[in-house]
Amino acid sequence: MKHILYKRHPIAPPWHERIVLDDRRELLMRPIDPADAPCLREGFALLTPDEVRMRYQHPMKSLSEDYVQRLTHPRKGREFVLVLAEPLPPGEALIGAVARLSQTDGSRDAEFAILVSHFIAGRGLGLLLMKKLVQRARRCGLESIRGDVLEDNTAMLHLAEQLGFVRESGPEAGLVRVRLTLAVREETLHQARELAH
Ligand SMILES: CC(C)(COP(=O)(O)OP(=O)(O)OC[C@H]1O[C@@H](n2cnc3c(N)ncnc32)[C@H](O)[C@@H]1OP(=O)(O)O)[C@@H](O)C(=O)NCCC(=O)NCCS
């Protein structure tokens, strides 16, 4: 990472932090809240078509009600969603970034998805959020994290590479699958089973 253009202030580690950007804007890193739904829809409208295409792999005009409902209500022990938001209560705070980890049923593998909007991109926040997802995956005793990335998404491919993800053949033409394999210790597996119940 060439530039880290923010300062971190732990609030309730590891998932709650106050982040102060180099231009003094403040953000709160926290798990998503059901009350974030309307602000997620508003935030989506501010994204560029290219950001939307890179994240969802096809053009989209808006987020469906069903999708927003699922995103704001992660399945306990299976899904984890972190946001970077304005330091206001959920429901009032605009959301600048969303990072999601979703465990595939019947496996110890999870899929990641991330979007850091152009308003706050290029400061190292994507790297920070991806590290948090990796931390979460390790705590849950997962064996690997994977993501499907458009082959022209150099930003995400570089970011994944920095974290040690390796490229696999994609599920379809135009997509590259990146995967990070995690070493799993028996005691972590035990803790993860307890967490899930
Ligand atoms: C990809 C994305 C998450 C990067 O977030 P970010 O906060 O800007 O990334 P960071 O500032 O943490 O950069 C980390 C690394 O990512 C890579 N990167 C980021 N922006 C880049 C760019 N424009 N070109 C090439 N590499 C880039 C670099 O490796 C960078 O490290 P470096 O500064 O040492 O070169 C963000 O651009 C984004 O959300 N894009 C749209 C949605 C998307 O592509 N999601 C991923 C698919 S799931």
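The rules behind these values
Residues numbered from 1 in each chain as written. Predicted model: local features only at pLDDT ≥ 70, side-chain atom pairs only at ≥ 80, totals over all residues. Helix = DSSP H or I, 4+ residues; strand = E, 2+ residues; numbered from the N terminus. Buried ≥ 20, exposed ≤ 12 C-beta atoms within 10 Å, placed from the backbone. Contact = placed C-beta atoms within 7 Å. Near = placed C-beta within 6 Å. Pairing = 2+ DSSP bridges. Axes fitted to C-alpha atoms, helices over the stretch in contact; angles between N-to-C directions. Core = buried A, V, L, I, M, F, W, Y, C linked by C-beta atoms within 7 Å.

**Remarks on the environment of Glu17**
Note on placement: Glu17 falls in strand E2 (residues 16-21). Taking the C-beta count within 10 Å as the criterion, Glu17 has 21 such neighbours and is therefore assigned buried. A sequence separation of 67 residues divides Glu17 from Leu84, and the C-alpha atoms of the two residues are 9.3 Å apart. Non-local contacts of Glu17, meaning those with residues more than four positions away in its chain, are made with Arg8, His9, Pro10, Ile11 and Met29.

**A look at the environment of Leu46**
Mapped onto the secondary structure, Leu46 falls in the loop between helix H1 (37-45) and helix H2 (49-56). Given 12 C-beta atoms within a 10 Å radius, Leu46 is considered exposed.

**A look at the site of the ligand**
Taken together, the neighbourhood of the ligand is formed by 25 residues, with Met54, Gly126, Ala155, His158 and Leu159 sitting nearest. Of all the elements in the fold, those that place two or more residues in the shell around the ligand are H2, strand E6 (109-116), helix H4 (125-139), strand E7 (144-150) and helix H5 (154-162). In terms of residue count, the dominant contributor to the shell around the ligand is H5 (six residues).

**A word on the sheet that holds E6**
Neighbouring strands of a sheet are bound in pairs by backbone hydrogen bonds; such pairs are parallel or else antiparallel. Read from one edge to the other, the open sheet built from nine strands follows the order E1-E2-E3-E4-E5-E6-E7-E9-E8, with strand pairing classed as mixed. Across the chains shown, the open sheet's two edge strands, defined by having one partner strand only, are strand E1 (6-12) and strand E8 (166-169). If you compare each strand with its neighbour and ignore which way they point, the axes differ by 25° on average. Across three bridges, E6 lies against E7 in parallel orientation. When the sheet's bridge partners are listed, Ala110 is paired in E7 with Ile145.

**Remarks on the nonpolar core**
Proteins that are soluble and globular tend to have nonpolar side chains buried together. Membership of the largest hydrophobic core comes to 40 residues, with the highest contact counts inside it found for Val83, Leu84, Ala97, Ala99, Leu129 and Leu133. Listing elements by their share of this core, those giving two or more residues are strand E3 (26-31), strand E4 (79-85), strand E5 (95-103), E6, H4, E7, H5 and strand E9 (175-181). In this view, Leu133 contacts Ala99, Leu101, Phe112 and Ile145; residues no more than four positions away in its chain are not counted.

**Things to note about the pairing of E9**
Regular strands place side chains that alternate from one sheet face to the opposite one. Two strands pair when backbone bridges link them, and E7 and E9 are joined in this way by seven bridges, in the antiparallel orientation. Within the sheet, the bridge partner assigned to Val149 lies in E9 and is Val176. Where E8 folds back onto E9 in an antiparallel hairpin, the turn is made up of five residues, including Gly174, whose phi is positive at roughly 95°.

**A short note on the environment of Phe80**
Within the element layout of this structure, Phe80 appears in strand E4. When the 24 C-beta atoms within 10 Å are taken as the criterion, Phe80 is described as buried. Residues Phe80 and Phe119, spaced 39 residues apart in sequence, show a C-alpha to C-alpha distance of 23 Å. With residues up to four places along the chain from it excluded, the contact list for Phe80 reads Pro74, Leu101 and Arg136.

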